[in-house]
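Architecture and fold: a report
As a plain string of letters, each chain reads:
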Amino acid sequence: MSEDEKPAERRRMVKPPTGGTAAGRGMGQKIKTADKKSMSSQQWIKRQLADPWSERARAEGWRSRAAFKLMQMDDHLGLIKPGCRVIDLGAAPGGWVQVALDRGAKAVVGVDLLPIEHIAGAELIQADFTHAGVDRQLMEALGGAPDLVLSDMAHNTIGHRQTDHLKIIALIEIAADFAIRTLKPGGAFVTKNFQGGNAGGVLARLREEFETVKPFKPEASRKGSSEVYLVATNRR
Ligand code: SAM
């Protein structure tokens, strides 16, 4: 999981979205374990507490600040249609699953390496999406071809630029291949990508298979990060 996307701590809210909770810690409370955590962990906590999107996620009951990224993409591009079927790759802790359900999806299946706490109305599977047979498992759980395939998958970076880059591209290619094989005609695919990366091959393939392919940087994506999403719409 990228540092950007660790789960938002949850606190009291007016009306939690599906899978949200009114329980949690208020901002004023002291983090008792912070002194025992590693330096990077402490820096991450400080950044989260200072981040307005994390604060909003906590207040409104979204499981991650990433929820706002999908809302912003959907607001601009109308991706989540009422009654649609959605597959969410790299779904933990579940922010995008919550948004898809909240905006009218009738079936949502999420998969992640990490366990995802139950969200009413969604089927959540703990597995490595790159492993053989997991794609079939997702399709069986969805009960029909998806209208929308989302991938926010991000591996744990190891700090070796070339290796990290190859891993990013591999995840994008596997997700794109799955979307192309399974989406209904007219369907859409969203994948996390990184500026400056070499996603040229997969971009060309997406342009052949979809009517439009555009980059999108949601407002909630950190300004300094190279994260950008590729949004492919209208599967041919
Ligand atoms: N969109 C999510 C949300 O709204 O809560 C946040 C997703 S987070 C940025 C990326 C996730 O991708 C991590 O939880 C990570 O475990 C998952 N991931 C990375 N590689 C994966 C793989 N091969 N199979 C399944 N999940 C994977």
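Preceding this section is the structure that the text describes.
Structure report, in brief. (Residues numbered from 1 in each chain as written. Predicted model: local features only at pLDDT ≥ 70, side-chain atom pairs only at ≥ 80, totals over all residues. Heavy atoms only, no water.)

Glancing now at helix 2 (residues 52–60). When helix 2 is considered as a whole, its buried residues turn out to be Trp53, Ser54, Ala57 and Arg58. Across the axial projection of helix 2, the buried residues extend over an arc of 140°, all falling on one side. Positive phi shows up at Gly61, right after helix 2, with a value of about 90°. (Buried < 20%, exposed > 50% of the residue type's maximum accessible area, 1.4 Å probe, protein only. Helix = DSSP H or I, 4+ residues; strand = E, 2+ residues; numbered from the N terminus. Arc of directions from axis to C-beta.)

The next subject is the site of the ligand. Not every one of the 22 residues close to the ligand is listed here, only the nearest: Ser64, Asp112, Asp128, Phe129 and Asp152. Within the backbone of Pro93, an N or O atom sits 3.4 Å from an oxygen atom of the ligand. Contact with the protein chains covers 97% of the free accessible surface of the ligand, which is 600 Å². Residues of the shell around the ligand, tallied by class, amount to 13 nonpolar, five polar and four charged. (Near = heavy atom within 4 Å. Polar contact = N/O pair within 3.5 Å; in protein donor to acceptor, adjacent residues only side chain to side chain. Areas by Shrake-Rupley, 256 points an atom, 1.4 Å probe, with all protein chains shown as cover. Nonpolar A, V, L, I, M, F, W, Y, C, P; charged D, E, K, R; others polar.)

Summed over the entire model, instances satisfying the criterion amount to three aromatic pairs. Each ring, one from Trp53 and one from Phe68, has its centre 5.1 Å from the other, and the planes form 45°; the classification is tilted. Here Trp53, found in helix 2, pairs with Phe68, found in helix 3 (residues 66–77); they are 15 residues apart in sequence, far enough to count as distant. The interplanar angle of 50° and the centroid separation of 5.7 Å between the aromatic rings of Trp96 and Tyr229 together place this pair among those described as tilted. (Phe/Tyr/Trp six-rings, centres within 6.5 Å; stacked < 30°, edge-to-face > 60°.)

Ala92 connects to Pro93 through a cis peptide bond whose omega is 5°. Tracing the sequence through the fold places Pro93 in the loop between strand 1 (85–89) and helix 4 (95–102). The residue Asn234 is not glycine, and still its phi comes out positive at about 60°. Position of Asn234 among the secondary structure elements: in strand 7 (residues 227–235). With relative accessibility at 38%, the residue Asn234 sits in the partly exposed group.

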